[in-house]
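Fold and geometry: a report
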Amino acid sequence: MNKYWTYVVFYITFAKYSSKSRKREHSFPLFIYALEAILVIEQKIIDLLDQKFKEEDFSDCFLVDLQLHANQRLEVFLDSDVGITFEKCRKISRYLEEYIDEEDWFGPKYTLDVSSPGITRPLKKLRQYNKNIGRKVEVKTNDGEKKTGLLIAVTDTEITLEEKVRVKEGKRKKTAIIQTVIPFDEIEKTVVQISFKK
């Protein structure tokens, strides 16, 4: 994934242990293949999650984003077609920890955070768009234009917003409701709008 190319320097330490003392004899930073190593670990975690999501209790879950930081911190953002729960995040966290520890991908010290993306994060997956049909969203297009409206339809290639706009009719202005179709390849980001109105 492109975001990992932002890691200009990423240290991978190779440690050599004696068979008796198991003490580290030497270690050194390895720069070559660092990004490739990150991508390999990322893919292994994605594969583990895909396997978990085949289970009946987790079939409604899906991966939104995966961020592996240089400080041995792994963030996994999950969502669900019916809303991700803390309990599911906890179980998936333990599931991943078991494999990470067994394979020793990050050594003895690392941080794993498994959580929902949060309402303020932009939508990234088609399933996120589908689950938010009927909610108010703000869409920022690639040319910087912002549109706010009700998300009323989603396809594999585009979304449809229902917007309220002011139009001139004679000497007066009135509110009109229009539908705007926006292709996904024209969208920079889409954020669900929080409403506190009752």
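A short tour of the structure in this document, coming up. Nothing here was measured: the structure is a model prediction, and the numbers come from that model. (Residues numbered from 1 in each chain as written. Predicted model: local features only at pLDDT ≥ 70, side-chain atom pairs only at ≥ 80, totals over all residues. Heavy atoms only, no water.)

**Description of the overall build of the protein chain**
Our working definition: Helix and strand labels come from DSSP, where a helix needs a run of H or I of at least four residues and a strand needs a run of E of at least two; each type is numbered from the N terminus. Each residue's exposure class comes from its accessible area (1.4 Å probe, protein chains only) as a fraction of the maximum for that residue type: buried when under 20%, exposed when over 50%, partly exposed otherwise. Only heavy atoms enter the contact rule, under which two residues are in contact if any of them lie within 4.5 Å. In short, Shrake-Rupley with a 1.4 Å probe defines the accessible areas, and a residue's cover is counted only from the protein chains shown.
Secondary structure assignment for the protein chain yields 3 helices and 10 strands. Each helix and strand of the protein chain, placed in order from N terminus to C terminus, yields the pattern β-β-α-β-β-α-β-α-β-β-β-β-β. Counting over 198 residues, the protein chain shows a buried share of 35%. Sequence-distant contacts, at least 24 apart, represent 51% of the contacts inside the protein chain between residues at least 6 apart. Surface exposure of the protein chain reaches about 13,400 Å², of which carbon and sulfur atoms provide 50%.

**Digging into the environment of Val76**
Its location among the elements puts Val76 in strand S4 (residues 73–80). Since its relative accessible area comes to 0%, Val76 is described here as buried. Along the chain, Val76 and Ser116 lie 40 residues apart, while their C-alpha atoms are 8.3 Å from each other. The contacts of Val76, once residues within four sequence positions are left out, are Leu49, Leu63, Asp65, Leu66, Leu96, Leu112, Asp113, Val114 and Ser115.

**Examining a negative patch on the surface**
The condition that has to hold: Candidates for patches are residues over 30% relative accessible area with no salt bridge; among them, like charges are joined within 9 Å and nonpolar side chains (Val, Leu, Ile, Met, Phe, Trp, Tyr) within 5 Å. We count a salt bridge whenever a side-chain nitrogen from Lys or Arg sits within 4 Å of a carboxyl oxygen from Asp or Glu. Residues scored as charged are limited to Lys and Arg (positive) and Asp and Glu (negative), so that His and the chain ends carry no count. For this purpose, a charge sits on NZ of Lys, CZ of Arg, CG of Asp or CD of Glu.
Together, Glu97, Glu98, Asp101, Glu102, Glu103 and Asp104 make up a negatively charged patch on the protein surface. Considering the arrangement of structural elements, one finds Glu97 in helix H2 (residues 86–103).

**What to know about the pattern of salt bridges**
Inspection of the entire model under this criterion finds 10 salt bridges. Asp60 serves as the salt-bridge partner of Lys88, at 2.9 Å between the closest nitrogen and oxygen. Here Lys88, found in helix H2, pairs with Asp60, found in the loop between helix H1 (34–52) and strand S3 (61–68); they are 28 residues apart in sequence, far enough to count as distant. When sorted by exposure, Lys88 lands in the same class as Asp60, which is buried.

**Re the pairing of S4**
Defined as follows: By this definition, two strands are paired if DSSP reports at least two bridges between them. Orient the strands so they point away from the viewer; a crossover is then right-handed if the path from the first strand over the helix to the second runs clockwise.
Burial of S4 is extensive: 7 of the 8 residues sit out of reach of the surface. Judged from the 7 bridges that link them, S3 and S4 form a sheet pairing that is antiparallel. Each bridged residue has a counterpart across the sheet, and for Asp65 the counterpart in S4 is Phe77. If you look at the hairpin formed by S3 and S4, you'll find 4 residues sitting between the two strands, and Gln72 has a positive phi there, around 65°. Considered for its hand, the β-α-β crossover made up of S4, H2 and strand S5 (residues 111–115) is right-handed.

**Some thoughts on the sheet that holds strand S6 (residues 136–141)**
We apply this condition: Simply put, an axis is a line fit to the C-alpha atoms, just over the touching stretch for a helix, and the angle between two N-to-C directions goes from 0 to 180 degrees.
Within the open sheet, the 5 strands sit side by side as S9-S8-S7-S6-S10. Their pairing is antiparallel. Only two strands of the sheet have a single partner each, and these edge strands are strand S9 (172–183) and strand S10 (187–192). Pairwise comparison of adjacent strand axes, ignoring direction, gives a mean angle of 40° for this sheet. In terms of strand pairing, S6 meets S10 through 5 bridges, oriented antiparallel. Paired with Val137 across the two strands is Val192, which belongs to S10.

**With respect to H2**
A turn of α-helix holds 3.6 residues, and therefore any two residues three or four places apart point the same way. Just so we agree on the cut-off: Each residue after the first adds 1.5 Å to the expected span of a helix. This arc corresponds to the set of directions leading from the helix axis out to the C-beta atoms.
Look at H2: 26 Å from first C-alpha to last across 18 residues, which is about the 26 Å you get at 1.5 Å a residue. When H2 is considered as a whole, its buried residues turn out to be Lys88, Cys89, Ile92, Ser93, Tyr95, Leu96 and Ile100. The arc that holds the buried residues of H2, viewed along the axis, is 165°, so those residues lie on one side. Away from its buried face by more than 90 degrees, H2 exposes Phe86, Arg94, Glu98 and Glu102. Of the residues trailing H2, Asp104 is marked for its positive phi of about 55°.

**Observations concerning the pairing of S6**
Alternating residues of S6 divide into Val137, Val139 and Thr141, all buried, and Lys136, Glu138 and Lys140, none buried. Here S6 folds back onto strand S7 (residues 146–154), and the loop between the two strands holds 4 residues, one of which, Gly144, carries a positive phi near 95°.

**Re the state of the cysteines**
Defined as follows: Any cysteine sulfur atom paired with another within 2.5 Å is treated as part of a disulfide.
On inspection of all chains with the given rule, the structure shows 0 disulfides. Looking at the unpaired Cys61, the closest cysteine sulfur is the one in Cys89, lying at 7.8 Å.

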